[in-house]
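# Survey of secondary and tertiary structure
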Amino acid sequence: MLRVGINGYGTIGKRVAHAVSLQDDMKVSGIVKTKPDYISKIASREFNIYVPDRAAEKKFDDAGIKIKGDLGKLIEDSEVIVDCTPEGKGEENLKTYKDKKIRAIFQGGEEAGIAESSFNAYSNFNESIGKSFVRVVSCNTTGLARTISPLNDQFGVKRVNATLIRRATDQNDSSKGPINAVEPSLKFPSHHAPDLKTVLHVPDVETVAIKVPTTLMHVHVVELTMDRKATAEDAINAWNQRKRVFVISGKDGRSSTAQIMDMAREIGRDRSDLYEIAVWKESVNSSGEKLRYVQAVHQESDVVPENVDAIRAMFQLLPQDESIKKTDHSMGISGSVI
Ligand code: NAD
């Protein structure tokens, strides 16, 4: 069993830890927490707890939480670290990982240059085979790569035009906004366009990003220019062959992100997560070389299965299709549940 250490146990870290714990070819050696808060108390029931440096140990002792050591000790106890620290911290940690000669996975908040390859299981799994440092792209980029990649494989995509309506922050965060404003990114294209190109080889990508006051999901309005004509039916058939894309209909009540996330709660998903990208069937339309659709992305969880597959690619545990199948099966990723 490959020993996986999780550095940073927030929105992404706790989900990756749980996903790793569901696999039979890897296990969680421990997690790094900075504060002895309620999350540390809950996590200590299941995982070994480490701290970034020994200075934090007394706080945990005082709170009655047993500590196994510092980040250096977690590195000794692990074969790979999944770095889920806040944006920019991964860059600082890279030096430690290199000095201690441990392999690491970074998240999409880090610049692409931090790693030898950026990763999406559908579009470029093989580019991370045997690598020491890999970056799983952001939730938005993962959402785009997931639905565009099967279409690119079957029909070829010349150009991507996407408008990303982004959630303001995650559900457990009361410190960020906006809470009563719509905030466009004033950079064109937004950073998502070059990011998508790190995992999907499409010649031309343009993205516009707008932040809105919601915490549930992102919504993407996508227009593709195809090499070969793809009808709405062709696109839906292509997505139906991939379990990480979920074609839904607004007709049975799932007409907004509120009902999609309610569905995830109703079907009893862990943490009420929806790992799949939900595409509204009614939105898929084509004319000439254009194909258009609208999709919803659960930002807190879509990257989680990608981290598991990235570990398998780096350590050559399984080839692409088998790894994806194993991860999907273990996490209950089904592509359609109703
Ligand atoms: P988060 O703030 O929810 O979690 C980060 C955790 O790291 C927190 O628990 C924090 O206390 C801890 N931390 C801070 N400094 C640390 C240190 N020095 N050592 C160890 N732990 C430390 O952040 P997140 O949303 O989980 O984001 C993590 C990464 O994942 C970022 O790169 C982000 O861009 C990316 N990401 C986030 C989302 C999302 O929607 N939240 C989606 C995809 C990718």
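Residues numbered from 1 in each chain as written. Predicted model: local features only at pLDDT ≥ 70, side-chain atom pairs only at ≥ 80, totals over all residues. Heavy atoms only, no water.

What follows covers the domain arrangement of the protein. If you check the domain split of the protein, you get domain 1 (2-137 + 303-331) and domain 2 (139-297). Computed over C-alpha atoms only, the centres of domain 1 and domain 2 are separated by 26 Å. Listed by partner, the interface residues are 26 residues for domain 1 and 20 residues for domain 2. Both sides of the domain 1 and domain 2 interface together cover about 2000 Å² of buried area, and 47% of this is carbon and sulfur. It is Arg-15, Tyr-122 and Val-137 that lose the most area in domain 1 upon contact with domain 2, and together they represent 32% of the buried surface on that side. Where domain 1 packs against domain 2, one counts six salt bridges. (Domains from an automatic or database assignment. Contact = heavy atoms within 4.5 Å. Buried area = accessible area lost by both parts, 1.4 Å probe. Salt bridge = Lys/Arg side-chain N within 4 Å of Asp/Glu carboxyl O.)

Quantified by volume, the second largest pocket comes out at close to 240 Å³. Forming the walls of the second largest pocket are Tyr-122, Asp-153, Gln-241, Arg-242, Lys-243, Gln-320, Asp-321, Ile-324, Lys-325, Asp-328, His-329 and Ile-333. Looking at the lining of the second largest pocket element by element, the count peaks at six residues for helix H12 (residues 320-331). A class-by-class count of the residues in the lining of the second largest pocket yields three nonpolar, three polar and six charged. Counting residues domain by domain, the lining of the second largest pocket receives three or more from each of domain 1 (2-137 + 303-331) and domain 2 (139-297). (1 Å grid on protein atoms, 1.4 Å probe; cavity = no way out; pocket = protein on both sides within 12 Å on 5 of 7 lines; lining within 4 Å. Points joined across faces, edges and corners; volume = space filled by probe spheres on them. Helix = DSSP H or I, 4+ residues; strand = E, 2+ residues; numbered from the N terminus. Nonpolar A, V, L, I, M, F, W, Y, C, P; charged D, E, K, R; others polar.)

Another point: the packing of aromatic side chains. Scanning all chains against the criterion turns up five aromatic pairs. A centroid spacing of 6.2 Å and a plane angle of 70° characterise the contact between Tyr-9 and Phe-47, whose relative ring orientation is edge-to-face. Note that Tyr-9 is positioned in the loop between strand S1 (2-7) and helix H1 (11-21) and Phe-47 in the loop between helix H2 (38-43) and strand S3 (49-51), a separation of 38 residues in sequence. Across the pair, Phe-47 and Tyr-9 agree in class, each one buried. Geometrically, the ring pair formed by Trp-239 and Tyr-293 is edge-to-face, given 4.7 Å between the ring centres and 70° between the ring planes. Here Trp-239 is found in helix H9 (residues 232-240), whereas its partner Tyr-293 is found in strand S16 (residues 290-297), with 54 residues between them in sequence. Among the aromatic side chains, those forming a connected cluster through ring pairs are Tyr-97, Phe-106 and Phe-133. Here Arg-103 stacks its cationic end above the ring of Phe-315, 4.2 Å away from the centre of that ring. Over the ring of Tyr-122 we find Arg-242; its NZ or CZ atom is 4.8 Å from the centre of that ring. (Phe/Tyr/Trp six-rings, centres within 6.5 Å; stacked < 30°, edge-to-face > 60°. Buried < 20%, exposed > 50% of the residue type's maximum accessible area, 1.4 Å probe, protein only. Lys NZ or Arg CZ within 6 Å of the ring centre and 35° of its normal.)

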